[in-house]
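Given next are the chains, with one letter for each unit.
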Amino acid sequence: MTTCRVCTGPLRELADFGRQPLSQAFVRPEDLATEFFYQLVVGRCADCAMVQLMQEIPPDKMVHEGYPYHPANSTVMRKHFQDTATRWLETTLTGPDPFAIEIGCNDGVTLRTLGEAGVRHLAVDPSGVTGVPVHRAFFNSESAAEIRAEHGPADIVYAANTICAQPDVASIFAGLEVLLAPDGLFVFEDPYLGEMLARTGFDQIYDEHFYYFTAQSVQAMADSFGMRLVDVERLPVHGGQIRYSIARRGSRLPSVAVKELLAEEEAAGLADDTTFAQFVSQIDATKDALLNLLTDLGDKGHSIVGYGATAKSATTANYFGIGPDLVPFVCDSTPSKQGTLTPGMHIPVRPPAEFADPYPDYALLFAWNHADEIMAKEKAFRDAGGKWILYVPEVRIV
Ligand code: DWN
Ligand code: ZN
């Protein structure tokens, strides 16, 4: 990929993270021979400043049967999505008989909350979700036309952790053109490049995340599709995200927050190559510090277990070279991941019950974005003398 997926401008390479497996391709021992690898390279568009992956991943490799992500299993994420819906009920969805769409639907928590308040709602998702009505398709002009014919225009089209994973954003905007009400909002939230750079949150970079958004690049994207970025809001989840609101041109004025964030990005040099180069050297410093710590603890005879077989940890483990020699197994609450090996580095995944059987001396928290929730849940580990190892924003023992 040498041209931008959004505007076809030239892409310039920023960083190469080497040969990587698909981040959620947890593998059974008998399937190791067919594991798929690709080169993880990030670039930036010289024209619209969109930071993005430079390689194509074959689409048939991306959406696989039994896709193992279930945000509703996290109480923090469940509350996040419930609160999102509750706020819209008090603000955006107050007109007569509103209609809400969610693209990809994160276990349906947001839509279910809207439904309980009597709001018409529909998920648009090619795979199944229980408990909410689903239009089984990718969101594009075709599915949008079908939905509009049956339900009318949408007041809100929402997507969480989904747009950054859609290489073909043009088809999303084509669908919005068809489906969004004249004063409707397209609201999406994804990891924020500004936060990744500020906190060395490098492990958001993996196959499923094609885009690493900033207000600047999202504004350029909205403009190029005849729409407008009208609001931004910082979210604390997943290590720091931005929720972007996009409207039809002329329907709403951009908020002060948009102007402020654009100015902040300019001041931070977010679109400068030197800023990204500094990010890469910080990642390499984290790598050295973490490998030294794990090796040192192992040499001293301490036991270490991983916690949270996240998609993010595919980049951490594979880029850093953390395998079962350093971390013999990783606990994860997702049943479909248990009994498999992590992609690429092949660390066995076990149920959280094995964490306490017996407790290790140290736990490497791959799911660092859920630190508060997991540490509270595993309070007994600390009480028993156990210590957590974190590596974002820097390597530390807590
Ligand atoms: O963007 C994406 C995010 C939102 O979700 C997707 N592309 C894929 C996925 O990324 P991830 O796997 O890095 O997300 P999480 O939410 O950081 O994953 C947490 C993992 O930790 C899950 O496998 C579940 C596990 N977990 C656990 O074992 N005990 C999580 C919690 C909260 C727990 O208490
Ligand atoms: Zn571009």
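Residues numbered from 1 in each chain as written. Chains lettered and ligands numbered in written order. Predicted model: local features only at pLDDT ≥ 70, side-chain atom pairs only at ≥ 80, totals over all residues. Heavy atoms only, no water.

Geometry sets the ideal angles at a metal, namely 109.5 degrees for four tetrahedral donors and 90 or 180 degrees for six octahedral donors. For the zinc ion (ligand 2), the protein coordination sphere consists of C4 (SG), C7 (SG), C45 (SG) and C48 (SG), at 2.2 to 2.4 Å. Considered as a linear motif, the donors of the zinc ion (ligand 2) on their single chain read C-x2-C-x37-C-x2-C. Residue classification places C4 among the buried positions, given a relative accessible area of 3%. (Donors = N, O, S within 2.8 Å, 3.2 Å for Na, K, Ca; no water. Buried < 20%, exposed > 50% of the residue type's maximum accessible area, 1.4 Å probe, protein only.)

Okay, the UniProt feature "domain: Methyltransferase putative zinc binding" (unreviewed entry) in the protein next. The feature "domain: Methyltransferase putative zinc binding" (unreviewed entry), as given by UniProt, occupies residues 4–62 in the numbering adopted here. Helix makes up 7% of residues 4–62 and strand makes up 39%, while its end C-alpha atoms are separated by 20 Å. (UniProt positions renumbered as here; feature names shortened; annotations may be inferred. Helix = DSSP H or I, 4+ residues; strand = E, 2+ residues; numbered from the N terminus.)

With an omega of -5°, the peptide bond running from D357 to P358 counts as cis. Considering the arrangement of structural elements, one finds P358 in the loop between β14 (349–350) and β15 (362–365). Looking along the chain, the bond that leaves V392 and enters P393 is cis, with omega of 0°. Examined against the element boundaries, P393 turns out to sit in the loop between β16 (387–390) and β17 (396–397). Its identity as a non-glycine residue notwithstanding, A49 has a phi of 70°, on the positive side. In this fold, A49 is placed in the loop between β2 (37–45) and β3 (51–53). Taking relative accessible area as the criterion, A49 reaches 12% and is therefore assigned buried.

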